[in-house]
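Structural characterization, general
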Amino acid sequence: MADSDSRTLMLVGAINAFREHGIATTSLTEIVERSGAPRGSVYHYFPEGKGQLAGEAVAYFGRGVSAAISSMIAQSSPPEIIDAVVTIFRNSLVESDFTSSCPVAAAAVEGASTPAALTAAGESFTSWESLLTSFFWQQGQPSETAAQWATVVIASIEGATLMAKAQHTTAPLDRIGAHLKALVSPS
């Protein structure tokens, strides 16, 4: 296995663990087990330890979501984007029996305990907002409205995901998805 493959497997293993348990309670042992990488490789790829791994994993996930949003923007209407994002979060919750959520949100919630992850979370949210703001503006919304919609979409879906996880039901996501689609539908 190539070095970059092992490193990527560790990032993905960390993301999956953080989605289920948060960053603080996830051990390096669990990340190594999920990734299939040798234990010594953690410090080979992430010499600063768990904090560096957490920051890079959250950034990696954030870039993946940004790429997915960019891809959707190229071929979707605003309601279709809302539907697609809500579906991704809903499926993740259902497939994990409501144990998995967004690692970016986990990093934001845990804040000071993992500064690199918190920074990566902030950068991820900013990127997602920028992409959606630009998209809504290109769809004809005034700049301020486009920015407001982007923030409302991201904050609402993230919040509904946390509620759905805690309540063990997709109802909050389903309701927020319907509301957001109505918000961004052409008048």
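Going along each chain's sequence as written, the residues are numbered from 1 onward. Local features are withheld for residues below a pLDDT of 70 in this predicted model, meaning they are given only at 70 or higher, and side-chain atom pairs are given and counted only at 80 or more; totals for whole chains, interfaces and linings count all residues. The side-chain numbers reported here are obtained from all heavy atoms of the structure, hydrogens and water having been left aside.

Quick word on unusual backbone geometry
With a phi close to 65°, F98 is a non-glycine residue in the positive phi region. Note that F98 resides in the loop between α5 (78-95) and α6 (103-110). Remark: exposure states derive from per-residue accessible area (1.4 Å probe, protein chains only) relative to the maximum for the residue type, with buried under 20%, exposed over 50%, and partly exposed in between. With relative accessibility at 11%, the residue F98 sits in the buried group. Positive phi, close to 60°, is recorded for H168, a residue that is not glycine. Runs of E in the DSSP output that reach at least two residues are strands. Runs of H or I that reach at least four are helices, and both are numbered from the N terminus. By the element assignment, H168 lies in the loop between α8 (143-167) and α9 (171-184). On the accessibility criterion, H168 (45% relative accessible area) is partly exposed.

Points about the nonpolar core
V58, L132, F136, I157 and L173 are the most contacted members of the largest nonpolar core, which totals 53 residues. The biggest single contributor to this core is helix α4 (residues 50-75), with nine residues. Working rule for contacts: check all heavy atoms of both residues, and any pair within 4.5 Å makes them a contact. Filtering out sequence-adjacent residues up to four positions away, F136 remains in contact with P78, Q141, A146, W149, A150, V153 and V184. Take the buried residues of types Ala, Val, Leu, Ile, Met, Phe, Trp, Tyr and Cys, join any two whose side-chain atoms come within 4.5 Å, and each joined set is a nonpolar core.

Here we look at the pattern of salt bridges
Take a side-chain nitrogen of Lys or Arg and a carboxyl oxygen of Asp or Glu: if they are within 4 Å of each other, that pair is a salt bridge. Counting across every chain of the model gives five salt bridges. Ionic pairing is found between R7 and E56, a salt bridge with its closest N-O pair at 2.2 Å. Residue R7 is located in helix α1 (residues 3-21), and its partner E56 is located in helix α4; the two are separated by 49 residues in the primary sequence. Given a relative accessible area of 25%, R7 falls into the partly exposed group. For E56, a relative accessible area of 23% puts it in the partly exposed group. Across the pair R34 and E20 runs a salt bridge, and its minimum N-O distance is 2.9 Å. With R34 in helix α2 (residues 28-35) and E20 in helix α1, the pair connects residues that are 14 residues apart, well separated along the chain. For R34, a relative accessible area of 34% puts it in the partly exposed group.

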